[in-house]
Amino acid sequence: MSRTWRFGDDVNTDEIIPGRYNLTIDPTELAQHAFCEVRPEFPQQVAPGDVLLGGRNFGCGSSREHAPIALKGTGIRCVVAESFARIFFRNAVNVGLAIMICPDAASIPDDAELSVDFEAGVIRDERTGVEYRAEPMPAFVRAIIAAEGIVPFLREHDLDELL
Amino acid sequence: MGTLVEEILTRRVGRPVAAGEMLIVDVDFMMSHDNTTPLAIGAFEAIGKPIRHPERVVFHFDHAYPAPNIQAAANQKLIRDFARAQGIRNLFAQGICHQVMFEEGFVAPGRVIMGADSHTNTYGAFGCLAAGFGSSELGVSWVSGRTWLRVPETIRVELTGELPFGVYAKDVMLEVAATLGMGGATYMAVEFGGPFIDALPMPDRIIFANMSTELGAKCGLLAADATTERFLEQHTKAEGPFARLAPVDPDYARVVHLDVSALTPRVACHPRVDTVRPLTELEGMPIDQVFIGTCTNGRFEDMVLAASILRGKQVDPYTRTIVTPASRAVHDRMIREGLVEVFHAAGAVVTGTGCGACIGRHGGVLAPGEKAFTTMNRNFVGRMGSAEAEIYLGSPAAAAATALAGHVADPRPLLAALAAAAAAAAAAPAVLDPEAVR
Ligand code: SF4
């Protein structure tokens, strides 16, 4: 059973992964320190398939790629937020972290069990059947995320395949 | 149908696009410099595929060139070795990347240009989409020749009125920064237009696109017109015919109006570009170093303006005055037209071209406790050296007046005296007439 983790507005990359842990880019290692200062129980309790709920401007602050890599390392299914900081958004796609922009993220209940349809842009609470609209992710973004990031994607494919 | 950035991308992908859409686009040129190229090479090598269009890859040596230390030298060697091995022929060490990009003809209306430098936005002054990317993304794009992007929403900055005497485009841009705030346009495009921009010569227009970065913008854009085309033909290697793209029934996220008619000289105070005050409020504040240069205000016209104020006078002996031309072409013209002599005679140092003191690594590093008055675009803590130094930003005219006084000084009385003398003589050389360069 997956759970949700709720965060507020303007979550910055220092909260996601404090600078002193940025000596590695190993996702599993970084994941052990994700949110360790602002939410100490997070690294222990987060489980694959969980969903992060954020407010506005998720991922603001420094442009470090370590932040989305750390979240990817936790195995979460997706970060759902009202909006993302520009560079975090780019970095997330490029490192293969699934994200969704959902203006109604605040109204998703804490105990929801969420399933996510990236193509249609729909987030669904499986307990109640309530659906929340998000921005659909175009095929190329889904393909990059599925390949675990742009570098592994380009190793095997060509961006032209997605045009 | 759309804003200028939507029009450019519509043309690029061959179907109408609107803000919010995500696209994969073909990239005309991918620019990086001695600071950012090594990281791009790292990402490129992790993919292990060839460069798709080596002729679209452009390397500059400008941030610390010639290399001031062993580490910089090793990085630059790495870049040259890589370029040689990959058949990259576009290597430039003749000025600030953003200046050389348009001088060498890489910039033209409608193009899409990526740069591993935050002020890549500069080329938007020529009606193209140019944006800064992370270094590793650039290396990724060498492989694909493309990039993905989200079509940004647009803020329109509508500028009207005529500048009062002694007030310049830089003062206007600082006022725009104060109005929108640092980060006031994060992720968005900022489109500058209106009668003021229409009447503005190209070198001054560049300031607006350049400093859109300070607002957090993905790109800054000005529609190309006859002024743009004439400049491209006369001062760059770009060849026409040029695309004429303009906003068509645009839907802006926000429109900001600013009438410049009553503006006075501005200063952005340490350490935020949006903490802008009238220069007169800071008059008398002692300054240790004046720096005239950078991709914002290091062009020939800026040099003419500064030289017109310094001509025949002496800079304050306790203030270092450093002049760094934006490119070798600017430097050459300064020599030809006698400006280097004017600066030297006034007691200023004219350095070789490049970023120079702007990045605080060579060519004018600040000591703790010092204050600098510069024509740069940003004044972050530690930008020019010591984190305990302060940086103030203003126009080239204000910088020159400050150099003479040794403290922040209003350029207008000096300019008025020059104008009066010129009128009396009625024979002042046109190139040193401050009115002509305004
Ligand atoms: S002059 Fe300064 S702002 Fe411009 S590219 Fe060089 S370091 Fe960057």
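Cut-offs used in this document
- Residues numbered from 1 in each chain as written.
- Chains lettered and ligands numbered in written order.
- Predicted model: local features only at pLDDT ≥ 70, side-chain atom pairs only at ≥ 80, totals over all residues.
- Heavy atoms only, no water.
- Helix = DSSP H or I, 4+ residues; strand = E, 2+ residues; numbered from the N terminus.
- Rg over C-alpha atoms; globule rule 2.2 N^0.38 Å.
- Buried < 20%, exposed > 50% of the residue type's maximum accessible area, 1.4 Å probe, protein only.
- Contact = heavy atoms within 4.5 Å.
- Areas by Shrake-Rupley, 256 points an atom, 1.4 Å probe, with all protein chains shown as cover.
- Lys, Arg positive; Asp, Glu negative; His and termini not counted.
- Charge placed at Lys NZ, Arg CZ, Asp CG, Glu CD.
- 1 Å grid on protein atoms, 1.4 Å probe; cavity = no way out; pocket = protein on both sides within 12 Å on 5 of 7 lines; lining within 4 Å.
- Points joined across faces, edges and corners; volume = space filled by probe spheres on them.
- Nonpolar A, V, L, I, M, F, W, Y, C, P; charged D, E, K, R; others polar.
- Axes fitted to C-alpha atoms, helices over the stretch in contact; angles between N-to-C directions.
- Parallel < 35°, antiparallel > 145°, perpendicular 65-115°, else oblique.
- Left-handed = near helix turned anticlockwise from the far one by under 90°.
- Polar contact = N/O pair within 3.5 Å; in protein donor to acceptor, adjacent residues only side chain to side chain.
- Salt bridge = Lys/Arg side-chain N within 4 Å of Asp/Glu carboxyl O.
- Near = heavy atom within 4 Å.

Focus: the overall build of chain B
Each helix and strand in chain B was counted, giving 15 helices and 18 strands. Whereas a compact globule of 438 residues would reach a radius of gyration of roughly 22 Å, chain B reaches 21 Å, a difference of no more than 12%. Considering only C-alpha atoms, chain B reaches an extent of 60 × 55 × 40 Å along its principal axes. Across the 438 residues of chain B, 63% fall into the buried class. Counted over contacts in chain B with a minimum sequence separation of 6, partners at least 24 positions apart contribute 75%. Of the accessible surface of chain B, which amounts to about 15200 Å², a share of 53% is contributed by carbon and sulfur atoms. Of the charged side chains in chain B, 37 are positive and 46 negative, and the gap between their average positions amounts to 5 Å.

Some thoughts on empty space enclosed by the protein
Residue and element names in this part refer to chain B. Counted under the stated rule, the structure contains 3 cavities of 30 Å³ or more. Estimates place the volume of the largest cavity at around 70 Å³. Taken together, 11 residues make up the lining of the largest cavity; nearest its centre are Y168, D204, D302, L305 and P396. Elements supplying a minimum of two residues to the lining of the largest cavity: α8 (202-211) and α11 (300-310). Looking at the lining of the largest cavity residue by residue, the class counts come to 5 nonpolar, 2 polar and 4 charged.

A look at the packing of α11 of chain B against helix α13 (residues 339-346) of chain B
Residue and element names in this part refer to chain B. Where α11 contacts α13, the two axes come as close as 10 Å, and the packing angle between them is 40°. Taken together, the axes of α11 and α13 lie oblique to each other. The interaxial crossing formed by α11 with α13 has left-handed handedness. Here F300, M303, V304, A306, A307 and L310 of α11 lie close against α13, whose contacting residues are L339, V342, F343 and A346.

Thoughts on the environment of T213 of chain B
Residue and element names in this part refer to chain B. Within the secondary structure, T213 is located in the loop between α8 and β10 (219-221). Judged by relative accessible area, T213 falls into the buried class, the value being 12%. Residues T213 and G183, spaced 30 residues apart in sequence, show a C-alpha to C-alpha distance of 8.8 Å. Filtering out sequence-adjacent residues up to four positions away, T213 remains in contact with S118, H119, N121 and R378. Reaching out from T213, the side chain makes a polar contact with the backbone oxygen of S118 at a distance of 2.9 Å.

With respect to helix α1 (residues 4-13) of chain B
Residues and elements named next belong to chain B. Of all 10 residues in α1, 7 are buried; the element is thus mostly enclosed. Of the positions making up α1, those classed as buried are L4, V5, E6, E7, I8, L9 and T10. Next to the buried residues of α1 lie β1 (22-26), β6 (129-132), β7 (146-150), β8 (154-160), β9 (189-193) and β10. The first or second residue beyond α1 is G14, which carries a positive phi of 75°.

A few points about the environment of I123 of chain A
Residue and element names in this part refer to chain A. Inspection of the secondary structure puts I123 in strand β6 (residues 122-125). Taking the C-alpha atoms as reference points, I123 and E113, 10 residues apart in sequence, are found 9.9 Å from one another. Beyond its immediate stretch of four places on either side in the chain, I123 contacts V80, M100, C102, I108, L114, S115, V130, E131, Y132 and A134.

Considerations on the pattern of salt bridges
Applying the stated criterion across every chain, the model contains 34 salt bridges over all chains. Measuring nitrogen to oxygen at the nearest pair gives 3.2 Å for the salt bridge that ties R150 of chain B to E135 of chain A. Note that R150 of chain B is positioned in strand β7 and E135 of chain A in the loop between β7 (131-133) and α6 (139-146), a pairing that runs across two chains. Residue classification places R150 of chain B among the buried positions, given a relative accessible area of 11%. Taking the shortest distance from any N to any O, the salt bridge between E158 of chain B and R156 of chain B comes out at 2.8 Å. Comparing E158 of chain B with R156 of chain B, the two get one shared label, buried. Through salt bridges that share partners, D158 and D160 of chain A together with D26, R52, R56 and R146 of chain B make up one connected network.

Examining the site of the ligand
Every residue close to the ligand is listed here: H63, I96, H98, H119, T294, C295, C355, C358, I359, N377 and R383 of chain B. Residues that form the shell around the ligand fall into these classes: 5 nonpolar, 5 polar and 1 charged.

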